Amino acid sequence: MQADRSTMMSVQRQRTNPAGPALREALESWARRIATQCGDDAAQRFTQLMLDTWETTMTWHGDRVFVITGDIPAMWLRDSSAQVLPFMRLLDLPEVERTVRGLVAEQWRCISVDPYANAFNAGPTGAHFDSEDVDLSPDLWERKYEIDSLAFPIRLADHLWRATADSSHLDATAHQACQRIVDQWELEQDHSRSTYRHIRPSEPIDTLPREGRGAPVAVTGMTWSGFRPSDDASTYGYNIPAQLMAVSALRAVSRFATELWHDDALAQQAARVAQEIADGVESYGRAGERYLYEVDGLGGKLAMDDANMPSLLSLPLTSDISVDDPSYRATRQWVLSEDNPFFYQGTCARGIGSPHTPDGYVWHIALAVQGLTGDLEEARECLAMILATDAGTGMTHESFHPDDPTQFTRAWFSWSNSMACELMMDIVERS
């Protein structure tokens with residue numbers, strides 16, 4: 001896409017969730033701190049991006065909040081969780097806490113509709129990315145099965161509980177959803193027992209091999225998924241960043257079951273599946289000290305990293321692996337090198353891209369993740385690259401050409417905008 005600054009900056013989207021005075025005041029306070037540490041341009045961008053996410057992607061439906069991803073009129077469980085991430089620092093504001101709880105309630109609703117789906121409509125509207133996909137219901141925009149689509153809501157709910165000491169969002173509906181997730185992850189430890197298929201007649205690249213079942217995998221303890229966090233079909237059935245995110249989510253479910261629901265059976269089941277997945281990653285998901293991206297347990301191994309979270313680079317943000325973990329350090333060094341086939345460099349930027357977007361394009365999300373997992377100097381460098389490569393639009397994008405940022409994909413990608421804001425807030429806190 002060729003950017004046109006005057007056109008992009010003049011776009012006026014419908015304000016479906018106007019920010020209240022207290023939230024605006026809090027954002028202005030953060031903007032002043034960001035201006036001091038990161039400059040006036042960053043501060044202006046922060047306010048613009050935060051209000052864009054809050055006011056134009058969120059819609060109330062009763063006591064639930066539906067959050068579109070941006071230029072696609074559907075809600076991804078993954079994207080919506082990341083879109084509210086910078087707002088989790090503002091949970092002391094009743095407006096913010098109430099809205100995040102509304103999103104969590106909507107995510108539990110979506111999971112109750114179909115835990116194999118990745119993207120949803122606000123109700124049974126019948127809108128679909130491709131109406132020829134198999135096994136669609138009117139509530140589903142798309143039914144690509146990705147482990148992280150279930151792990152993100154669990155981790156968001158856990159974050160909300162720990163931050164507020166209020167577990168009202170972890171109610172009976174949440175209990176049922178978590179049981180369903182654990183059962184599904186346990187079932188998919190032996191994918192031969194699964195009935196899940198993904199067939200898209202109009203796009204063979206989005207149809208899984210073997211009539212939609214996916215390429216063969218061995219039983220390893222890990223849990224299968226058909227698609228990556230990018231929504232691209234997996235080459236092999238065990239995506240390692242997603243496995244490690246599932247381990248973290250399962251441990252959270254075990255805590256919910258023990259401390260809130262007094263469900264010993266679920267607590268033990270979640271803990272057991274978490275350990276089996278972790279053991280599978282240790283046995284099959286490594287190349288020496290560093291992690292691989294995908295494996296099948298049959299000898300197939302894929303050494304790469306993708307810009308989408310969870311990624312290998314994002315493990316300290318999406319799993320229980322710390323930024324100082326030796327395996328993460330070795331993995332990070334490899335990911336941010338030319339050994340990673342999706343690490344690209346140009347005159348304006350260097351960073352990680354994805355097979356989901358044009359060859360050679362760098363992602364703003366990956367630059368934010370790199371900054372959030374690096375030291376303060378690296379964080380500042382990554383933010384500077386993000387700010388300098390917006391093509392004059394005031395927005396971040398999905399991906400862009402590192403030699404010519406006016407060539408980019410997705411003019412409105414709210415997940416990316418939120419990750420840039422998260423990086424700014426992180427720099428302020430670390431400074």
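Residues numbered from 1 in each chain as written. Predicted model: local features only at pLDDT ≥ 70, side-chain atom pairs only at ≥ 80, totals over all residues. Heavy atoms only, no water.

### Structural notes on the state of the cysteines
Definition in use: Count a disulfide wherever a pair of cysteine sulfur atoms falls within 2.5 Å. Each residue's exposure class comes from its accessible area (1.4 Å probe, protein chains only) as a fraction of the maximum for that residue type: buried when under 20%, exposed when over 50%, partly exposed otherwise.
According to the stated counting rule, one finds zero disulfides in the structure shown. Just so you know, Cys178 is unpaired, no disulfide at all, and the nearest cysteine sulfur is the one on Cys110, 14 Å from it. The class for Cys178 is buried, based on a relative accessible area of 0%.

### Quick word on the sheet that holds strand β9 (residues 294-295)
Test applied: Only strands joined by at least two bridges in the DSSP assignment are considered to pair. Numbering of helices and strands runs from the N terminus, with a helix taken as a DSSP run of H or I at least four residues long and a strand as a DSSP run of E at least two residues long.
Read across the sheet, three strands follow the order β6-β9-β10 without closing on themselves; strand pairing throughout is antiparallel. The open sheet is flanked by β6 (238-239) and β10 (301-302), the only strands paired with a single partner. In this structure, β9 lies alongside β10, joined through two bridges in antiparallel fashion. Across the sheet, the residue bridging to Glu294 is Leu302, located in β10.

### Quick look at the packing of helix α6 (residues 148-164) against helix α9 (residues 240-261)
This is how it is decided: Helix axes use the C-alpha atoms of the stretch in contact, all axes being lines fitted to C-alpha atoms, and the angles between their N-to-C directions lie in the range 0 to 180 degrees. Each angle is binned into one of four classes, with values under 35 degrees roughly parallel, values over 145 roughly antiparallel, values of 65 to 115 roughly perpendicular, and all other values oblique. Should the near helix be turned anticlockwise from the far one by less than a right angle, the crossing is termed left-handed; should it be turned clockwise, right-handed. The contact criterion used is simple: two residues touch if any of their non-hydrogen atoms lie within 4.5 Å.
Two numbers describe how α6 lies on α9: the axes approach to 9 Å, and their chain directions differ by 45°. When the axis of α6 is compared with that of α9, the two are oblique. The interaxial crossing formed by α6 with α9 has left-handed handedness. Counted together, Asp148, Ala151, Phe152, Ile154, Arg155, Ala157, Asp158 and Trp161 of α6 and Met245, Ser248, Ala249, Ala252, Val253, Arg255, Phe256, Glu259 and Leu260 of α9 form the full contact between these two elements.

### Quick notes on the packing of aromatic side chains
Geometry of an aromatic ring pair is reported as the spacing of the ring centres plus the angle between the planes. The cut-off we apply is this: For this analysis, a ring pair means two rings from Phe, Tyr or Trp (six-membered ring only for Trp) whose centres lie within 6.5 Å, classed as stacked if their planes differ by under 30 degrees, edge-to-face if by over 60, and tilted for the remaining angles.
For the structure shown, the criterion picks out eleven aromatic pairs. Measuring from ring centre to ring centre gives 4.9 Å for Trp54 and Phe87, while their planes differ by 45°; the resulting arrangement is tilted. With Trp54 in helix α3 (residues 40-56) and Phe87 in the loop between α4 (77-83) and α5 (94-113), this pair connects stretches of sequence that are 33 residues apart. Aromatic rings pair up to connect Tyr116, Tyr145, Tyr196 and Trp224 into one cluster.

### Some details on the side chain of Glu422
Along the polypeptide, Glu422 turns up in helix α15 (residues 414-430). Judged by relative accessible area, Glu422 falls into the buried class, the value being 10%. Once residues lying within four places of it in the same chain are set aside, the contact partners of Glu422 are Leu85, Pro86, Arg89 and Leu372.

### Some remarks on the nonpolar core
Soluble globular proteins tend to pack their nonpolar side chains together in the buried interior. Put simply, the rule is: The term nonpolar core refers to a set of buried residues drawn from Ala, Val, Leu, Ile, Met, Phe, Trp, Tyr and Cys, joined through side-chain atoms within 4.5 Å.
Ranked by size, the top nonpolar core spans 134 residues in total, and within it Phe46, Leu90, Val96, Trp108, Ile154 and Trp185 carry the most contacts. Non-local contacts of Trp185, meaning those with residues more than four positions away in its chain, are made with Tyr145, Ile147, Leu150, Ala151, Ile154, Thr223, Ala246, Ala249 and Leu250.

### Section: the sheet that holds strand β3 (residues 75-76)
Reading across from one edge, β3-β4-β5 is the order of the three strands in this open sheet, with antiparallel pairing throughout. The two strands at the open ends of the sheet, each matched to only one other strand, are β3 and β5 (140-142). Relative to β5, strand β4 (residues 119-120) runs antiparallel, the two sharing two bridges. Bridging from a neighbouring strand, Ala119 pairs with Glu142 of β5.

### Some words on the packing of α5 against helix α7 (residues 172-187)
Using the following cut-off: Residue type decides the class: Asp, Glu, Lys and Arg count as charged, Ala, Val, Leu, Ile, Met, Phe, Trp, Tyr, Cys and Pro as nonpolar, and the leftover types, Gly among them, as polar.
Between α5 and α7, the least distance of the axes is 9 Å, while the angle of their chain directions is 45°. With respect to α7, the element α5 is oriented oblique. You can see that α5 and α7 cross each other, and the crossing is left-handed. Mapping the contact onto sequence places Trp108, Ile111, Ser112 and Val113 in α5 and Thr173, Ala174, Ala177, Cys178, Arg180 and Ile181 in α7. When its residues are assigned to classes, the contact of α5 with α7 shows seven nonpolar, two polar and one charged.

### Describing the side chain of Ser230
Heads up, the rule is: By the criterion applied in these results, polar contacts are pairs of N or O atoms within 3.5 Å in which, for protein atoms, one can donate a hydrogen and the other can accept it, and in which residues neighboring in sequence qualify only through two side-chain atoms.
Relative to the helices and strands, Ser230 is located in the loop between α8 (209-212) and β6. The class for Ser230 is buried, based on a relative accessible area of 2%. At 3.2 Å, the side chain of Ser230 and the backbone nitrogen of Asp232 are in polar contact. The contact partners of Ser230, leaving out residues within four places of it in the chain, are Asp306, Asn308, Ser354 and His356.

### Brief notes about the confidence of the model for the protein
Rules: For every residue, the predictor assigns a confidence score, pLDDT, that lies between 0 and 100.
On average, residues of the protein score 96 in pLDDT, and 97% of them reach the 70 mark or higher. Counting contacts from residues 2-10, a segment whose pLDDT is below 50, to residues more than four positions away or on other chains yields 13 contacts.

### What to know about helix α2 (residues 21-38)
Count 3.6 residues to each turn of an α-helix, and residues three or four apart come out pointing the same way. Heads up, the condition is: By this rule the span expected of a helix is its residue count minus one, scaled by 1.5 Å. In this description, one arc is meant: the one made by directions from the helix axis to the C-beta atoms.
Between its first and last C-alpha, α2 extends 25 Å over 18 residues, near the 26 Å set by a 1.5 Å rise per residue. Of all the residues in α2, the buried ones are Leu23, Ala26, Leu27, Trp30, Ala31 and Ile34. Along α2, the residues classed as buried sweep out an arc of 145° about the axis, all on the same side. Counted as exposed and oriented over 90 degrees from the buried face of α2: Pro21, Glu25, Arg32 and Thr36. Turning to α2, the residues buried within the fold contact α3, α5 and α15. Immediately downstream of α2, the backbone of Gly39 shows phi near 105°, a positive value.

### Some remarks on helix α12 (residues 326-335)
Looking at α12, one finds that the buried residues are Ser327, Tyr328, Thr331, Arg332, Trp334 and Val335. On an axial view of α12, the arc spanned by its buried residues comes to 160°, and they lie on one face. The N-cap residue of α12 is Asp325: its side-chain oxygen and the backbone nitrogen of Ser327 are 2.8 Å apart.

### A few points about the pattern of salt bridges
The following threshold applies: Definition used for salt bridges: Asp or Glu carboxyl oxygen within 4 Å of a side-chain nitrogen of Lys or Arg.
The final tally for this structure, using the stated rule, is 34 salt bridges. Residues Asp206 and Lys144 are paired through a salt bridge, measuring 3.4 Å at the closest nitrogen-oxygen approach. Remark: Lys144 occurs in the loop between β5 and α6 and Asp206 occurs in the loop between α7 and α8; sequence separation between them is 62 residues. Residue class for Asp206 comes out buried when judged on its relative accessible area of 9%. In this structure, Arg272 engages Glu186 in a salt bridge whose closest nitrogen and oxygen atoms are separated by 2.7 Å. Taken as a pair, Arg272 in helix α10 (residues 264-284) and Glu186 in helix α7 lie far apart in primary sequence, 86 residues in all. Assessed through its relative accessible area of 36%, Arg272 is described here as partly exposed. Glu186 sits in the partly exposed class, given a relative accessible area of 23%. Beyond isolated ion pairs, a larger network of salt bridges with shared partners links Arg78, Asp79, Glu146, Asp148 and Asp231.

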